[in-house]
Amino acid sequence: MKDKFHRRTATVATVLASIVKPAAYLVILLLTYALGYLSSSRSTSSFSSSLSPLPNSDITPSYYSSPPQLFQVTDTPTHLDQFRIKTRCSPPIPHRQVRLTILQNVFNGKSPYIGFPPPHVAQLLHPKKIKGWGSNGAVFENLVRQVKPRTIIEVGSFLGASATHMAELTRQLGLQTQILCVDDFRGWPGFLDRFKDLSMINGDVSLLYQFMQNVVAMNASGSVIPLPFSTGSVLDSLCEWGVYGDLIEVDAGHDFNSAWSDINRAYRILRPGGVLFGHDYFTSADNRGVRRAVNLFAQLNGFKVKVDGQHWILVSS
Ligand SMILES: C[S@@+](CC[C@H](N)C(=O)[O-])C[C@H]1O[C@@H](n2cnc3c(N)ncnc32)[C@H](O)[C@@H]1O
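Under an unreviewed UniProt entry, the name given to the protein is S-adenosyl-L-methionine-dependent methyltransferase, and the organism recorded is Citrullus colocynthis.

What follows is the structure in structure tokens.
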């Protein structure tokens, strides 16, 4: 009886094993497949959807290498210091060398006003067309009288309204001042809608030529020099050449990032005792981007912000 029971149990076990074993293999196979699929789909989507920048430019971008690499960026410091421009500039050159240094480095040693205007442009220019925004405000006279600048750097010049105004002020005070006008002279996309009487020449808005024409008309070509490139590249070059300003006005891009970058770059090339100021503390562009940049810069560097009309001025606290 006992033997019979054992034999039956053994038979049942054999039958069960023959059913369960393949089923177990099947379950394990399915689990392995499912896990593999899940892990591969997670890493692919995080790679394609994350915008993590490469932590340093020495690393070959992932699209050159195979397979794609992921970099751990969580340990990159995120405090504000990361956004500041810390390159050290060359020591300041004497004021009397500023004009020559610019002509040599930017214009092959020749004044851009020689032979100006070229014949193909002359017919398109207005004898004088100056339009600015608060460009004759009292702040200019106040600061020129206070600082008596030998070198002025204007970041954003447009048609030269504020630059020629400062040229006139320095002339009245008998100062030998050079005014360096940093502007790509492209305005902004679509600005010709508001300045319909400026000409477009093969896609170029002719702003540089009209600026130069205005400077010539104001008899200021001996003191006002255009630097027709992006603000970032010019301010970095001035830093490299040791060209510093006694007075620096920032009035180019009015969004936070542009203003922040221009202010930080400009501050590096401000002479000791000089004044950094700028326009549009009150505009609503980019949710008061200029004001946010100015206030943040002042706070981080221990300055106070003084307001004069539409202009902001950084003063020691
Ligand atoms: C508001 S206007 C300057 C007005 C001038 N300060 C005045 O009062 O007559 C701004 C100028 O900044 C220039 N600008 C803006 N962003 C620039 C950039 N990133 N690089 C060079 N110029 C820029 C534009 O071309 C434009 O002429």
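Before going further, it helps to spend a moment on the environment of Asp262. Position of Asp262 among the secondary structure elements: in helix α8 (residues 256-268). The buried category is assigned to Asp262, around which 24 C-beta atoms lie within 10 Å. Once the C-alpha coordinates of Asp262 and Ala293 are considered, the two residues, 31 residues apart in sequence, prove to be 9.7 Å apart.

Here helix α9 (residues 289-301) spans 18 Å end to end across 13 residues, near enough to the 18 Å set by a 1.5 Å rise per residue. Taken together, the buried positions of α9 are occupied by Gly289, Val290, Arg291, Ala293, Val294 and Phe297. Looking at the buried residues of α9, the elements they touch are α8, β5 (270-278), β6 (303-308) and β7 (311-316). Within two residues after α9, Gly302 carries a phi angle of roughly 75 degrees, on the positive side.

The next thing to look at is the site of the ligand. Surveying the vicinity of the ligand reveals 19 residues, the closest of which are Gly132, Ser135, Gly156, Phe158 and Ala161. In the shell around the ligand, the residues fall into five nonpolar, 10 polar and four charged.

The subject of this paragraph is the pairing of strand β4 (residues 245-250). Burial of β4 is extensive: six of the six residues sit out of reach of the surface. Direction of pairing for strand β1 (residues 151-155) relative to β4: parallel, over a ladder of four bridges. Bridging across to β4, Ile152 finds its partner in Leu247. The pairing of β4 with β5 spans five bridges and is classified as parallel. In the strand pairing of β5, Val250 is matched with Gly278. For the segment spanning β4, α8 and β5, crossover handedness is right-handed.

If you trace the seven strands from one edge of the open sheet to the other, you get β3-β2-β1-β4-β5-β7-β6, paired in mixed fashion. Edge positions in the sheet fall to β3 (224-227) and β6, since each has one partner strand and no second. Across the sheet, the axes of successive neighbouring strands diverge by a mean angle of 25 degrees, strand direction being ignored.

Our next topic: the packing of helix α7 (residues 231-241) against α8. Packed helix pairs are specified by the crossing angle of their axes together with the interaxial distance, meaning the distance between the axes. α8 packs onto α7 with a crossing angle of 15 degrees between their chain directions and a minimal axis gap of 9 Å. In terms of orientation, α7 and α8 fall into the roughly parallel class. The chirality of how α7 crosses α8 is left-handed. Here Thr231, Gly232, Leu235, Asp236 and Cys239 of α7 lie close against α8, whose contacting residues are Ser261, Asp262, Arg265, Ala266 and Arg268. Counted by class, the contact of α7 with α8 contains three nonpolar, three polar and four charged residues.

This part covers unusual backbone geometry. Omega for the bond connecting Phe116 with Pro117 falls within 30 degrees of zero, at -5 degrees, which places this linkage in the cis form. Structurally, Pro117 is set in the loop between α2 (98-106) and α3 (119-122). Phi at Asn108 is positive, roughly 50 degrees, even though this residue is not glycine. Residue placement: Asn108 occurs in the loop between α2 and α3. Residue Asn108 is classed as exposed on the basis of its 8 C-beta neighbours within 10 Å. Here Asn202, not a glycine, exhibits a phi torsion of approximately 45 degrees, which is positive. With respect to the secondary-structure elements, Asn202 resides in the loop between β2 (178-182) and α6 (207-217). The exposure class assigned to Asn202 is exposed, which follows from the 4 C-beta atoms found within 10 Å.

The rules behind each value
Residues numbered from 1 in each chain as written. Predicted model: local features only at pLDDT ≥ 70, side-chain atom pairs only at ≥ 80, totals over all residues. Helix = DSSP H or I, 4+ residues; strand = E, 2+ residues; numbered from the N terminus. Buried ≥ 20, exposed ≤ 12 C-beta atoms within 10 Å, placed from the backbone. Expected span 1.5 Å × (residues − 1). Contact = placed C-beta atoms within 7 Å. Near = placed C-beta within 6 Å. Nonpolar A, V, L, I, M, F, W, Y, C, P; charged D, E, K, R; others polar. Pairing = 2+ DSSP bridges. Right-handed = clockwise from strand over helix to strand, strands pointing away. Axes fitted to C-alpha atoms, helices over the stretch in contact; angles between N-to-C directions. Parallel < 35°, antiparallel > 145°, perpendicular 65-115°, else oblique. Left-handed = near helix turned anticlockwise from the far one by under 90°.

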